[in-house]
Amino acid sequence: MLRNRKAWSIIIATMLSATLILSGCGQTAAPAKDGATTSSKPVDGGTFRFGMISSPSNLEPAFLEENNGIEIGKELYDGLVRYDPKTLETKPAIAEKWDYSADKKTITFHIRKGVKFHDGTEVKAQDIIDDWNRLAAKETASPVSFPLEPIVGFKDVNSGAAKTLSGLKKVDDYTLEVTLSEPNAAFLTSLGHPAVGIYKIAGATKAGKDFGTPASTPETIIGTGAFKFVKWNADQDVTIDKFNDYYGNKVHVDKVVYKIYKEESTAINDFRAGNLDYVDRMPPGQQQAIIKEFPGQTIKNVALTTEYIGFNLNKPPFKDNVNLRKAIAYAIDSKSVIDTVREGISTAANGPLPAGMPGYDKDLKAPTYDKEKAKEYLAKAGYPDGKGLPVIQYAYNFTQLNQKVAEAFQGQLKEVGIQTELKNLEWGSYIKALQSGDSQMFRLAWGADYPDPDDFLRILYSKSQWGANNDTFYSNPEVESLLAQGLTETDTAKRMAIYKTIQEKVVADQPAVWAFNTTYLELFGKNVHDLTISALDQKDMRTVWLSK
Amino acid sequence: MPTNTDTSEIKELYQTSSPLHDMWVRLKRNKLALFGLFLVTALVVIAVFAGFIAPYDPVQISLKESLKSPSSAHLMGTDVLGRDIFSRIIYGTRASLIIGVVATSISLAIGVVVGAIAGYYGGWIDSIIMRITDIFFAFPFFLLAIAIMTFLGPSFINVFVALGIVGWTNYARLVRGQVISVKESDYIEAAHAVGAKDFRIILKHVLPNTLAPIIVFTTMNIGGVILSEAGLSFLGIGVQPPAPSWGLMLSEASNFIFNAPWMVIWPGVAIFLTVLGYNLLGDGLRDALDPRMKQ
């Protein structure tokens with residue numbers, strides 16, 4: 001399940017073929033001031049028409065695993081905590097505050113009084129316990145139950161041996177005690193994922209198999225978020241309405257309609273025709289033209305995603321040959337690929353972590369393009385000028401962009417004497433091949449599920465993830481013990497120091513070439529104000545407003 | 001000088017007794033057909049001498065030259081990877097011609113054998129073979145090719161196989177019809193009478209007399225096959241990158257229609273001229289080979 005989750009994150013990152021970058025901070029749309037139409041005081045009312053590329057797969061919290069589902073789900077279901085869209089800090093939501101026990105294993109959540117479900121009833125501790133038990137249950141088979149994994153009793157519930165998580169205890173209606181198997185510094189952060197969002201379980205029971213599908217009704221999807229579910233016309237649109245009894249900030253728009261498009265250019269044309277207030281993705285090849293066409297109306301959002309070229313460390317020629325891996329890292333010129341193939345939108349990565357991620361080290365220097373060094377390392381690797389080096393298989397999952405990037409890298413490698421053969425597969429068989437170790441060199445991207453470096457470094461470079469997400473089959477005992485330390489260390493400064501060391505060690509071993517941080521180009525209408533987009537690429541509908 | 005005139009007329013009469021020459025004489029009168037022949041010949045020459053004509057290596061990537069508009073350095077501009085489009089068009093001729101000719105030959109071989117057997121023997125053999133042919137014929141040509149390509153996996157060789165396999169039904173029908181009309185002729189009767197075997201009769205007496213329509217159809221079909229190759233490659237299941245193929249180039253260009261129109265125009269022009277060339281030549285051959293057009 002964990003595997004699927006990752007797979008999905010990667011799919012999303014891949015399919016949308018954008019990657020990320022920069023500061024990692026959220027960005028707020030700041031339309032050009034054009035006199036009368038712009039006022040600094042938010043206007044209430046109106047329908048925000050959101051152009052979404054491809055349909056969400058499901059709106060049930062337990063299946064919020066891809067971008068579009070998460071995008072809508074986070075408006076419907078509030079969790080105990082939420083991320084500040086600008087800084088990604090973990091902030092109180094349904095839980096007003098929380099305390100840690102002395103051993104850091106028990107967290108007591110104090111639930112805010114007066115938090116209402118969309119049917120008007122109040123949220124109490126038992127509702128949270130019921131939701132989480134359901135998420136962890138074997139029958140639910142959720143691909144995104146990972147936030148609950150550290151809780152005592154998770155394995156029993158997840159394997160079907162128990163019905164309830166023994167680590168969850170209701171102290172009173174407004175107090176919930178959560179016990180973890182061991183201290184876990186990432187646990188609280190991961191609770192901001194909408195999969196652990198709170199909804200009324202009676203509605204889910206009533207809906208049965210229809211829960212979260214287009215057959216859902218406002219009587220079955222009963223969430224706690226700022227917006228309530230209205231309807232989902234399959235492959236057309238999803239409508240949500242402002243929830244008047246929301247406990248949080250004042251929401252300005254009355255309604256959000258997510259219009260679903262199969263293709264970016266159709267959405268852009270609808271935007272040009274004035275039928276949309278926002279478009280989520282731009283057609284490849286036209287991004288610079290769109291920036292020019294709509295000055296001041298685009299956001300380049302740097303997502304928490306790193307796209308890399310991985311080496312299979314269990315197989316020749318990369319096994320035990322760090323010099324060959326370094327040679328490739330020096331031969332690849334990500335910058336020129338960004339300027340051309342990626343239309344100047346993405347940024348070059350400097351290591352495993354994307355820029356906005358806590359623990360990101362801006363001084364980290366993974367090898368970057370240097371032809372002379374590439375040749376030098378190639379000679380050190382035992383293949384001067386590539387002599388004796390067999391043709392390397394370079395695999396990618398098929399998208400137009402991935403293919404162009406692969407062709408460009410192939411050309412750059414050829415210049416130093418490294419011959420590669422391109423091989424593309426569709427996503428399903430591709431990820432299976434990588435997980436089974438049937439690869440030499442491959443492209444992948446990893447997007448954060450929640451803003452914590454553990455979600456990147458342990459998932460991608462721990463031996464426990466072999467056959468799942470660690471497709472390079474990297475393993476380094478030192479890194480392994482540091483990763484364990486990083487997860488249990490609760491002092492943030494010490495913790496980040498640990499992740500700094502981990503990154504340096506991983507970079508020295510070069511299990512991959514970290515090429516790009518994905519950036520998404522997003523377009524909004526002139527009358528859109530205060531649209532905040534987080535580095536998790538989530539657009540906050542709670543604050544946006546439309547001028548007339 | 002009546003004598004001279006007589007001689008030349010006699011000479012021409014004598015020469016027209018060769019069917020090939022006969023055809024050539026009539027083809028020469030058809031300007032459009034000559035233009036078609038010129039296009040086809042030019043393509044063959046370009047394909048053979050691609051290495052001498054193309055100024056650059058068609059797969060040489062040069063990101064610094066990305067998306068340059070046509071200039072003296074790059075006659076047709078460059079694509080997003082900085083590859084020279086003119087060189088890719090020149091080399092693409094090879095891919096298109098090879099696939100056109102080989103796939104058509106496969107179709108032709110299957111179609112002629114099946115059609116000749118069905119037509120010559122008739123009866124239940126004919127019924128069974130032709131019903132099977134009908135079944136194949138009922139599949140939309142391009143969908144069947146896509147299905148086969150998906151099954152075999154994308155590669156240059158598989159494009160031959162897929163297009164060859166789906167294209168044979170037309171040949172089978174055509175050949176069967178011709179064989180049926182020829183096999184009742186007196187000279188076939190005569191061959192039977194002297195005890196010739198079926199195989200020999202089909203090969204030596206029947207098929208040569210069905211050649212004209214087959215040549216015409218084949219010529220026109222090559223154009224169609226080249227178009228199908230472009231279609232498959234456009235969909236990403238034909239010739240694989242970085243190999244230059246016009247269909248693939250078009251597909252790569254589709255995102256750049258507005259900011260780099262030269263990427264779309266040149267492969268389009270190349271495909272257009274090729275298909276036009278084969279069709280004009282095919283039309284001309286049909287007229288030239290039609291006995292009713294004899295004067």
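Note that this is a predicted model, so its numbers are computed, not measured.

This part takes up the overall build of chain A. Of the regular secondary structure elements, chain A holds 16 helices and 22 strands. Taken over C-alpha atoms, the radius of gyration comes to 24 Å for chain A, in line with the 24 Å a tight globule of 548 residues would show. Seen through its principal axes, chain A has C-alpha atoms that stretch 75 × 55 × 40 Å. When contacts within chain A are restricted to residue pairs at least 6 apart in sequence, long-range pairs at least 24 apart make up 73% of them.

Another aspect to go through is the sheet that holds strand E8 (residues 175-179) of chain A. Residue and element names in this part refer to chain A. Reading across the sheet, the 4 strands line up as E5-E6-E8-E7 and stay open at both edges, with antiparallel pairing between neighbours. Because the sheet does not close on itself, it has two edges, and the strands there are strand E5 (95-100) and strand E7 (168-172). For this sheet, the mean inter-axis angle between neighbouring strands, taken without regard to orientation, is 25 degrees. Helix H3 (residues 125-136) rests against strand E6 (106-111), E7 and E8 of the sheet, and its axis sits at about 170 degrees to E7.

Moving on to the confidence of the model for chain B. Residue and element names in this part refer to chain B. For chain B, mean pLDDT is 86; residues scoring 70 or higher make up 92% of the total. The least confident element of chain B, judged by mean pLDDT, is helix H1 (residues 2-15) at 53; the most confident is helix H3 (residues 31-48) at 94. At the level of chain-chain contacts, confidence expressed as ipTM amounts to 0.73, with global pTM at 0.81.

So, on to the pairing of strand E17 (residues 441-447) of chain A. Residues and elements named next belong to chain A. The element E17 is largely enclosed, with a buried count of 7 among its 7 residues. Burial along E17 is two-sided: Met 441, Arg 443, Ala 445 and Gly 447 facing one way and Phe 442, Leu 444 and Trp 446 facing the other are all buried. Bridge count for strand E13 (residues 298-311) against E17 is 7 bridges, and the pairing is antiparallel. Note that in E17 the partner of Gly 310 across the bridge is Phe 442. Pairing of strand E15 (residues 392-397) with E17 involves 2 bridges; the strand directions are parallel. Across the sheet, the residue bridging to Tyr 394 is Met 441, located in E17.

Moving on, we come to the pairing of strand E16 (residues 420-425) of chain A. All names here are of chain A. As paired strands, E15 and E16 are joined by 6 bridges and run parallel to one another. The residue bridging Tyr 394 from the neighbouring strand is Leu 422, located in E16. Regarding the hand of the β-α-β motif, the stretch spanning E15, helix H12 (residues 400-415) and E16 is right-handed.

Turning our eyes to something else, we now look at helix H13 (residues 427-435) of chain A. Residue and element names in this part refer to chain A. Residues of H13 that are buried include every one of Tyr 430, Ile 431, Leu 434 and Gln 435, and no others. Axial view of H13: buried residues confined to an arc of 125 degrees, hence all on one face. Opposite the buried face of H13, at more than 90 degrees from it, the exposed residues are Gly 428, Ser 429 and Lys 432. Once H13 finishes, Gly 437 follows within two positions and takes phi at roughly 85 degrees, a positive value.

Further remarks concern the interface of chain B and chain A. Counting residues at the interface gives 12 residues for chain B, matched by 16 residues for chain A. When its residues are assigned to classes, the side of chain B that touches chain A shows 8 nonpolar, 4 polar and no charged.

Attention now goes to the nonpolar core. Note that soluble globular proteins tend to have their nonpolar side chains buried in a common cluster. Counting residues in each nonpolar core, the largest one holds 162 residues, and the members touching the most others are A:Ala327, A:Ile328, A:Ala331 and A:Val513. Broken down by element, this core gets its largest block of residues, 9 residues, from strand E18 (residues 512-524) of chain A. With residues up to four places along the chain from it excluded, the contact list for A:Ala327 reads A:Ala374, A:Tyr377, A:Leu378 and A:Ala381. In terms of nonpolar packing, the next biggest core, distinct from the first, is built from 62 residues, B:Val40, B:Val112, B:Ala230 and B:Leu232 among them.

Definitions and cut-offs
Residues numbered from 1 in each chain as written. Chains lettered and ligands numbered in written order. Predicted model: local features only at pLDDT ≥ 70, side-chain atom pairs only at ≥ 80, totals over all residues. Helix = DSSP H or I, 4+ residues; strand = E, 2+ residues; numbered from the N terminus. Rg over C-alpha atoms; globule rule 2.2 N^0.38 Å. Contact = placed C-beta atoms within 7 Å. Pairing = 2+ DSSP bridges. Axes fitted to C-alpha atoms, helices over the stretch in contact; angles between N-to-C directions. pLDDT = per-residue confidence, 0-100. Buried ≥ 20, exposed ≤ 12 C-beta atoms within 10 Å, placed from the backbone. Right-handed = clockwise from strand over helix to strand, strands pointing away. Arc of directions from axis to C-beta. Nonpolar A, V, L, I, M, F, W, Y, C, P; charged D, E, K, R; others polar. Core = buried A, V, L, I, M, F, W, Y, C linked by C-beta atoms within 7 Å.

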